[in-house]
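Coordinate inspection notes
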Amino acid sequence: MPADMPLWLNFVVAFVIMNVLLVGMAYMTWFERKVMAAMQDRMGPTRTGPAGLLQPIADGIKLLGKEDLIPAAADKLVFFFAPLIIFVTAIVSVAVIPFGGTVEIFGADVNLFITDLNVGALYVLAFGSIGVYGIILGAYASANRFSLLGGLRAAAQVVSYEIILGLALVGVFMLSGSLSLREIMLTQQTELDLGPLALPNWFILSQPLAFVIYMIAAVAETNRAPFDLPEAETELVSGFHTEYSAFRFSFYFLGEYINMIVISLFAATLFLGGTDGPGSDAYWGLGILWLLLKTVAFLFFYVWLRTTLPRFRYDQLMGIAWKVLLPLVLLNIVVTAFIRLVGNGQVF
Amino acid sequence: MPWDVIIFYLIAAVCITSAVGVVVANNPVHAGVFLVICFLNIAATFVMMGAEFLAVVQVIVYTGAILVLVLFVLMLVDPDDLPEFHTARPVQRVVGLLLGAILLLEVGAAILSRTVTGARGDATAQNIAAAGGNTQALGRVLYSDYLLAFEVVSLVLLVGVIGAIVLALPERLGEQISITRRGTISLGHPRGTDAALPAGPAGETPMVDRETPSPTPEPTTAGGRTLIMVTDPDERTTVGTRP
């Protein structure tokens, strides 16, 4: 059971987690540039600090120092708030991700999560779905046709893939019997009984189809290549954030990368056992390390996809969601439910 | 006053203010944004009542999906083309007020009857905890006591989905299929069906017929200058010898 923490301690945990997330986002950009450079036989950033490690800071200073342009025809208030929506919703989603159980630090019982909501998994999906308002409102407020087209694409794409994303998780919910991310993680920290083989009960093993579909939908939900239609630079200049510059643009940038990190943390918790790994029972620090390693693996996968695959055509994108992924994910739910019933002895 | 009451009144005030904003706002997109704020605050009141599942579903379904599509349509509306919202349409204003009053009375009656009878149903905190939590309790009730209603609702939704697909299809399904076979990426607007363009020889390419002369349009005047509409660049020029 989670310990009863005083409120200030909860704020400390939240403060630490969110700041680590922000720094993680900054270094995600460095990681992406380095990995992409390696895959394309380039060097990537090298001038700023050793191995270009100070590049994110240089980028940040550059973005803050640029001129803040607002188009004359823009809807000023909406234009101002739209980037904040995507940034705030992205960062708030991390509140339900468990980084471990309850541990004792300096004599105080500390929960290694901000809150254990009983609908935690749906909470992440809900904030993901609010985040799209940042895109479509920003696109509308820019009073630019390229932006508007990007916003319309984002709206249709996110609504379609949200359904896939949510349904892909239904199988996981059925097996774990809970919507709380902490309980889903605890369910996976048992052993799968397969005779001589002792495998961890990670849901990637029992729900492989759901995992693959989740990964595809997650890439589309975060508007990343090859599903980055809303900001397709070959057709739409840069889509919904064409008119944004300086720190307003950086909020979109922050939001996109934090979204990627949160979705990866979420996937690691749901499908890869969260903090589960060798030695994680004894040392909670090791558990956090395992979770971060799994997250980095997912982030590497994102970058890998971006360097490998060309962008989808818009009708292909929609066709895949509704004609391929939706039937597959429904099939997954039916099969999982049936196996669950047979296992409980309620059928046959 | 305890903190939760203060927070409730804060949420309720924002909720009602934004609901008024939906009706008052001139710009349709602003009205949509007000509706988003209103729905988010309704979700917040659900959370305050301990109904986290309902709150999250409210956000995912209404805020995250339906209102996104509503804004999708509203963004395409040119604000200059809109009719005057607050001056004309007396019938709609009266009907709107009437329906609002009826709804207010219904809600009032529901609250009153509950306060008078004191009946609270069996969804007490103990019963919900015994069922294993909010989500589980709701699921049990929905799939046992209200199973028939649930299935009927899903059937109605299915009919709606099929209707939407039928509406979105081009007039003849066979036409769409033949276009797909030819490998075009037309989106429900088959070539050759555009009234402005004559059909091509095999229906695949719109050809402007240059042999038969198109009827020369009458010169129109706009702003004092004579405008001449031509379909052929050589039609009105005097260069060269043209019969």
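Residues numbered from 1 in each chain as written. Chains lettered and ligands numbered in written order. Predicted model: local features only at pLDDT ≥ 70, side-chain atom pairs only at ≥ 80, totals over all residues. Heavy atoms only, no water.

Under an unreviewed UniProt entry, the name given to chain B is NADH-quinone oxidoreductase subunit J, and the organism recorded is uncultured Thermomicrobiales bacterium. The record in UniProt for chain B states the following under Catalytic activity (unreviewed entry): "a quinone + NADH + 5 H(+)(in) = a quinol + NAD(+) + 4 H(+)(out)". (UniProt positions renumbered as here; feature names shortened; annotations may be inferred.)

1. Considering the overall build of chain A
On a plain count of helices and strands, chain A comes out with 12 helices and 4 strands. Taken across its 348 residues, chain A has 53% of its residues classed as buried. Put simply, of all contacts in chain A between residues at least 6 apart along the chain, 75% involve residues at least 24 apart. (Helix = DSSP H or I, 4+ residues; strand = E, 2+ residues; numbered from the N terminus. Buried < 20%, exposed > 50% of the residue type's maximum accessible area, 1.4 Å probe, protein only. Contact = heavy atoms within 4.5 Å.)

2. What about the overall build of chain B?
Looking only at helices and strands, one finds 8 helices and 2 strands in chain B. Start at the N end of chain B and walk to the C end: the helices and strands fall as α-α-α-α-α-α-α-α-β-β. Residues counted as buried form 15% of the 243 residues belonging to chain B. Expressed as a percentage of contacts within chain B between residues at least 6 apart in sequence, the contacts between residues at least 24 apart total 33%. Surface exposure of chain B reaches about 18300 Å², of which carbon and sulfur atoms provide 69%. (Areas by Shrake-Rupley, 256 points an atom, 1.4 Å probe, with all protein chains shown as cover.)

3. Thoughts on the UniProt feature "transmembrane region" (unreviewed entry) in chain B
Residues and elements named next belong to chain B. According to UniProt, the positions carrying the feature "transmembrane region" (unreviewed entry) are residues 6-25, 32-49, 55-74, 94-112 and 146-169. The span residues 55-74 is 100% helix and 0% strand, and its two end C-alpha atoms sit 26 Å from each other. Structurally, residues 146-169 comprises 92% helix and 0% strand, and the distance from its first C-alpha atom to its last is 35 Å.

4. Observations regarding a nonpolar patch on the surface
Residues and elements named next belong to chain B. A surface patch of nonpolar side chains, amounting to about 640 Å² of accessible area, comprises Trp3, Ile6, Ile7, Phe8, Tyr9 and Met48. Here the element with the most residues in the nonpolar patch is helix α1 (residues 3-24); it accounts for 5 residues. Looking at the secondary structure, you find Tyr9 in helix α1. With relative accessibility at 53%, the residue Tyr9 sits in the exposed group. (Patch = residues over 30% accessible without salt bridge, like charges linked within 9 Å, V, L, I, M, F, W, Y side chains within 5 Å. Salt bridge = Lys/Arg side-chain N within 4 Å of Asp/Glu carboxyl O.)

5. A word on the interface of chain A and chain B
The partner chain B presents 25 residues to the 25 residues of chain A that form the contact. Regarding the contact of chain A and chain B, the summed buried area is about 2100 Å², with carbon and sulfur atoms giving 78% of it. For the chain A face of the interface with chain B, the top three residues by lost area are A:Tyr133, A:Tyr140 and A:Leu152, together amounting to 26%. Our count for the contact surface shared by chain A and chain B stands at 0 salt bridges. Here chain A and chain B share 3 residue pairs in polar contact (both at pLDDT 80 or more) between them. (Buried area = accessible area lost by both parts, 1.4 Å probe. Polar contact = N/O pair within 3.5 Å; in protein donor to acceptor, adjacent residues only side chain to side chain.)

6. Quick notes on helix α5 (residues 145-176) of chain A
Residue and element names in this part refer to chain A. The terminal C-alpha atoms of α5, which comprises 32 residues, lie 46 Å apart, in line with the 46 Å expected from a rise of 1.5 Å per residue. At Val170, α5 is deflected by roughly 25 degrees, the largest bend along its length. Counted residue by residue, α5 has 25 buried out of 32 residues, so it is predominantly covered. The residue sitting at the N-terminus of α5 and contributing the capping side-chain oxygen is Asn144; that oxygen lies 2.7 Å from the backbone nitrogen of Phe146. A positive backbone phi angle near 70 degrees is found at Gly177, which sits one or two residues after α5. (Expected span 1.5 Å × (residues − 1). Bend = angle between axes of the 7 residues up to and from the residue.)

7. Quick notes on the environment of A:Ile17
Residue and element names in this part refer to chain A. You can see Ile17 is positioned in helix α1 (residues 7-39). Of the residues examined, Ile17 reaches a relative accessible area of 11% and is grouped as buried. A sequence separation of 82 residues divides Ile17 from Phe99, and the C-alpha atoms of the two residues are 9.3 Å apart. If sequence neighbours within four positions are ignored, Ile17 has contacts with Val94, Phe99 and Ile114.

8. Here's the deal with the confidence of the model for chain A
With 95% of its residues at a pLDDT of 70 or more, chain A shows a mean pLDDT of 82. Per-residue pLDDT, averaged within each element of chain A, yields its smallest value for strand β3 (residues 191-194) of chain A (67) and its largest for helix α8 (residues 208-221) of chain A (88). (pLDDT = per-residue confidence, 0-100.)

9. A closer look at the packing of α8(A) against helix α11 (residues 284-308) of chain A
Residues and elements named next belong to chain A. As a packed pair, α8 and α11 sit with axes 12 Å apart at the nearest point and diverge in direction by 65 degrees. Both α8 and α11 take part in a crossing whose hand is right-handed. Residues Phe211, Met215, Ala218 and Val219 of α8 form the contact with α11, whose own contacting residues are Phe298, Phe301, Tyr302 and Leu305. Of the residues assigned to the contact of α8 with α11, the class counts are 8 nonpolar, no polar and no charged. (Axes fitted to C-alpha atoms, helices over the stretch in contact; angles between N-to-C directions. Left-handed = near helix turned anticlockwise from the far one by under 90°. Nonpolar A, V, L, I, M, F, W, Y, C, P; charged D, E, K, R; others polar.)

10. Some details on the layout of surface pockets
All names here are of chain A. Considering only enclosed or pocket space, the second largest pocket measures out at about 890 Å³ in volume. As for the second largest pocket, its lining consists of 44 residues, and the residues nearest its centre are Arg224, Glu231, Phe253, Glu256 and Tyr257. Counting residues per element, the ones that place at least two in the lining of the second largest pocket are α1, α2 (55-65), α4 (120-141), α5 and α10 (246-271). In terms of residue count, α10 provides more of the lining of the second largest pocket than any other element does, 9 residues in total. The residue inventory of the lining of the second largest pocket, partitioned by class, reads 21 nonpolar, 10 polar and 13 charged. (1 Å grid on protein atoms, 1.4 Å probe; cavity = no way out; pocket = protein on both sides within 12 Å on 5 of 7 lines; lining within 4 Å. Points joined across faces, edges and corners; volume = space filled by probe spheres on them.)

11. A look at the side chain of B:Thr45
Relative to the assigned elements, B:Thr45 resides in helix α2 (residues 28-48). Within the structure, B:Thr45 has its side chain in polar contact with the backbone oxygen of B:Ile42 (distance 2.5 Å).

12. Details of the packing of aromatic side chains
On inspection of all chains with the given rule, the structure shows 17 aromatic pairs over all chains. On the numbers, 5.5 Å between centres and 65 degrees between planes, the contact of B:Phe8 with B:Tyr9 is edge-to-face. In this structure an aromatic cluster arises from ring pairing among A:Phe211, A:Tyr214, A:Phe266, A:Phe271 and A:Phe298. (Phe/Tyr/Trp six-rings, centres within 6.5 Å; stacked < 30°, edge-to-face > 60°.)

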